[in-house]
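Structural characterization, general
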Amino acid sequence: MSATLLDDATQARVVAAYLKRHPEFLSEYPDLAAKLTMPREQGAVSSLAVYQLQSLRDKNAELERRLAELIEIAAENEKLMERVHALTVALLRANTMEVTARSVVAKLSADFHTEHVRLVLFGNEAHLPRATWLQQVAGPEALPEFAEFLDQNEPVSGRLSAEKLGRLFGVVATEIRSVAMMRLGDSGMLAIGSHDPDRFQPGMGTLFLKMISATITAALARSRDVS
C-alpha cells in the first residue's frame, strides 16, 4: 500500500474516532451533515439520513417563509405605487394653489389612511383657506425647531418632541405617536401624523416619501406659476 493511501486511511480513522467522541459535531455543522453521502444499507446510520432530510425540510421551510415575506412586501409596494399615481393624477388636474393644497390633504387622508396631515407653506397666498391642516409662514427661518430637518432636505420618520408636535399639530398634538416629514423644496414642508407609534419608524424606507415629496413640490410650483 502506498504512503498516500496509508495517510488517507490514517486520516479517515482519526476523523471517525473524533466523530465517535463528539457525536454532537454534525449538529453544530448542519451544512456538512447535509452534504454527506449515506450507505444504502439499513442500520444505525439511517438516523443521519433522517437528520439530513429534516435539515433540508427546515431549509425549504425557511426559504418558503422568506418568499412569502417578499411577495407580501411586493404587494404592499404595488398598492403604494397605485396611491402615489392617484395622487399625481389628482395634482395634475389641480389648476390653482387652493385646489392643489386641498387635493394633497384629501388624497393623503383618504388613500393613504392618515389621521392627520399638516401642510406648511412658505409665503403668503391670499386665496388659501383657513384650515387646521394648513399653515403659512414667512419662510424656513420661521420654523427654528425644524432648522436641521429643513437643511438636510431628506424625509424623516419617527417620533417628535412635544415642542415640534405642538408646532405642527396644535390641539391634537398629544394624539400623535409617530410622524413622517418631507420638505417640499422652496414651497414648504409636509407632515403626516399617526396615532400608531409603529406607523412611521426611524430607518424605514424613504423611497415613497421622496416620490410624494417630489410630486407635491412640482404641483405647488406649477400652481404658483399659474396664479
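Here goes a summary of the coordinates provided. (Residues numbered from 1 in each chain as written. Predicted model: local features only at pLDDT ≥ 70, side-chain atom pairs only at ≥ 80, totals over all residues. Heavy atoms only, no water.)

1. Digging into the sheet that holds strand β5 (residues 188-194)
With mixed pairing, five strands are arranged side by side in an open sheet as β2-β1-β5-β4-β3. Single-partner strands in this sheet number two, and they are β2 (134-137) and β3 (156-158). Between one strand axis and the next, the sheet turns by 15° as a mean value, whatever way the strands run. (Pairing = 2+ DSSP bridges. Helix = DSSP H or I, 4+ residues; strand = E, 2+ residues; numbered from the N terminus. Axes fitted to C-alpha atoms, helices over the stretch in contact; angles between N-to-C directions.)

2. Overview of unusual backbone geometry
The backbone of histidine 113 shows a phi angle near 55°, a positive value even though the residue is not glycine. Its location among the elements puts histidine 113 in the loop between α5 (97-111) and β1 (116-122). A positive phi angle, close to 60°, is found at asparagine 153, a residue other than glycine. Under the relative-accessibility criterion, asparagine 153 is labelled partly exposed at 45%. (Buried < 20%, exposed > 50% of the residue type's maximum accessible area, 1.4 Å probe, protein only.)

3. A word on a nonpolar patch on the surface
Together, Val15, Tyr18 and Leu19 line one region of the surface with nonpolar side chains, adding up to about 240 Å² of accessible area. Along the chain, tyrosine 18 turns up in helix α1 (residues 3-21). Judged by its relative accessible area of 34%, tyrosine 18 falls in the partly exposed class. (Patch = residues over 30% accessible without salt bridge, like charges linked within 9 Å, V, L, I, M, F, W, Y side chains within 5 Å. Areas by Shrake-Rupley, 256 points an atom, 1.4 Å probe, with all protein chains shown as cover. Salt bridge = Lys/Arg side-chain N within 4 Å of Asp/Glu carboxyl O.)

4. Some details on the nonpolar core
Counting 27 residues, the largest nonpolar core has Leu108, Leu119, Leu190, Ile212 and Ile216 as its most contacted members. At the level of elements, α4 (46-93), α5, β1, β4 (178-183), β5 and α8 (207-226) are the ones that each hand at least two residues to this core. Top contributing element to this core by residue count: α8, with six residues. Once residues lying within four places of it in the same chain are set aside, the contact partners of isoleucine 216 are Leu87, Leu91, Val104, Leu108, Leu184 and Leu190. Judged by nonpolar contacts, the second largest core, of 17 residues, contains Val120, Val172, Met189 and Ala191. (Core = buried A, V, L, I, M, F, W, Y, C linked by side-chain atoms within 4.5 Å. Contact = heavy atoms within 4.5 Å.)

5. Focus: α8
Helix length check: α8 (20 residues) gives 29 Å between terminal C-alpha atoms against 28 Å at 1.5 Å per residue, within 8%. Of the positions making up α8, those classed as buried are Phe208, Leu209, Ile212, Ser213, Thr215, Ile216, Thr217, Ala219, Leu220 and Ser223. (Expected span 1.5 Å × (residues − 1).)

6. Focus on the pairing of β4
Judged by how many residues are buried, β4 sits mostly within the fold: six of six residues are covered. Covered by surrounding structure in β4 are Ser178, Ala180 and Met182 together with Val179, Met181 and Arg183, the residues of both alternating faces. Pairing of β3 with β4, which is carried by three bridges, proceeds in the antiparallel orientation. Residue glycine 158 lies in a different strand from β4, and its bridge partner there is valine 179. With six bridges joining them, β4 and β5 adopt antiparallel strand pairing.

7. Considering the pattern of salt bridges
The full count for this structure, using the stated rule, is eight salt bridges. Put simply, aspartate 111 and lysine 107 hold a salt bridge, and the shortest N to O gap is 2.8 Å. Taken together, the residues aspartate 111 and lysine 107, both in helix α5 and four residues apart, mark about one turn of the helix. It is possible to trace a salt-bridge network through shared partners that takes in Glu62, Arg65, Arg66 and Glu69.

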